[in-house]
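Residue strings, one per chain:
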Amino acid sequence: MPSPKPLATAAGSLRSRLSTSLRRRGGGGDRWTSPGHQERPNGYFMNRTPPPPGQSRKWEDWELPCYVTSFLTIVILGVGLNAKPDLTIETWAHQKALERLEAQKLGLSASGPDESD
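Residues numbered from 1 in each chain as written. Predicted model: local features only at pLDDT ≥ 70, side-chain atom pairs only at ≥ 80, totals over all residues. Heavy atoms only, no water.

Draft legend 1. Quick peek at the overall build of the chain. Helix and strand counts for the chain come out as three helices and zero strands. Residue burial in the chain is summarised as follows: out of 117 residues, 1% are buried. If you sum the accessible surface of the chain, you get close to 11,500 Å²; carbon and sulfur atoms cover 63% of it. (Helix = DSSP H or I, 4+ residues; strand = E, 2+ residues; numbered from the N terminus. Buried < 20%, exposed > 50% of the residue type's maximum accessible area, 1.4 Å probe, protein only. Areas by Shrake-Rupley, 256 points an atom, 1.4 Å probe, with all protein chains shown as cover.)

Draft legend 2. Fine view of the layout of surface pockets. Looking at the largest pocket, its volume works out to about 180 Å³. In terms of residue class, the lining of the largest pocket is made up of six nonpolar, one polar and four charged. (1 Å grid on protein atoms, 1.4 Å probe; cavity = no way out; pocket = protein on both sides within 12 Å on 5 of 7 lines; lining within 4 Å. Points joined across faces, edges and corners; volume = space filled by probe spheres on them. Nonpolar A, V, L, I, M, F, W, Y, C, P; charged D, E, K, R; others polar.)

Draft legend 3. Local environment of the side chain of Glu63. Tracing the chain through its elements places Glu63 in helix 2 (residues 63-83). On the basis of relative accessible area, Glu63 is assigned to the buried category, the value being 4%. A distance of 3.0 Å separates the side chain of Glu63 from the side chain of Arg57, its partner in a polar contact. Leaving out residues up to four positions away in the same chain, Glu63 has contacts with Arg57 and Lys58. (Polar contact = N/O pair within 3.5 Å; in protein donor to acceptor, adjacent residues only side chain to side chain. Contact = heavy atoms within 4.5 Å.)

Draft legend 4. The confidence of the model for the chain, seen in detail. Of the residues in the chain, 71% reach a pLDDT of 70 or more, and the chain-wide mean stands at 80. Within the chain, the lowest mean pLDDT, 73, falls on helix 1 (residues 4-25), and the highest, 96, falls on helix 2. (pLDDT = per-residue confidence, 0-100.)

Draft legend 5. A look at the pattern of salt bridges. Going through the model one piece at a time under the given rule, you end up with three salt bridges. The residue Arg48 makes a salt bridge to Glu60 at a minimum N-O spacing of 2.4 Å. Separated by 12 residues along the polypeptide, Arg48 in the loop between helix 1 and helix 2 and Glu60 in the loop between helix 1 and helix 2 bring together distant segments of the chain. Its relative accessible area of 33% is what places Glu60 among the partly exposed residues. For Glu63, the salt bridge goes to Arg57, with nearest N and O atoms at 3.0 Å. (Salt bridge = Lys/Arg side-chain N within 4 Å of Asp/Glu carboxyl O.)

Draft legend 6. Highlighting the environment of Asn82. Tracing the sequence through the fold places Asn82 in helix 2. At 3.0 Å, the side chain of Asn82 and the backbone oxygen of Gly78 are in polar contact.

Draft legend 7. Summary view of a nonpolar patch on the surface. There is a patch of nonpolar side chains on the surface, built from Trp59, Trp62, Leu64, Tyr67, Val68, Phe71, Leu72, Val75, Ile76 and Val79 and spanning about 1,000 Å² of accessible area. Mapped onto the elements of the fold, Val68 is located in helix 2. Judged by its relative accessible area of 42%, Val68 falls in the partly exposed class. (Patch = residues over 30% accessible without salt bridge, like charges linked within 9 Å, V, L, I, M, F, W, Y side chains within 5 Å.)

See below:
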């Protein structure tokens with residue numbers, strides 16, 4: 001097994017190169033923030049303040065189609081998955097076994113009087 005020392009040395013040099021290149025670009029802050037972004041969340045869902053008491057929130061354009069599509073998808077999947085045929089091997093084998101038992105019963109009852117002669 002190779003020694004972990006060269007890997008640690010390589011990781012350290014890569015880390016130092018990255019930090020110096022970030023300092024040269026003037027990127028002292030985080031790479032995902034820019035001026036004008038809120039520092040911390042304000043505690044409301046999606047950073048929206050709730051409407052004043054007595055007023056309801058106005059739906060956005062995407063909400064109604066999204067909710068209708070989601071509801072219809074659940075209904076179609078529920079009906080479709082409950083109505084699908086049972087094609088498992090166990091069900092097929094059970095039906096074949098029942099058919100063979102019926103054939104044996106019919107065969108025995110039909111051959112019963114013949115054996116008594």
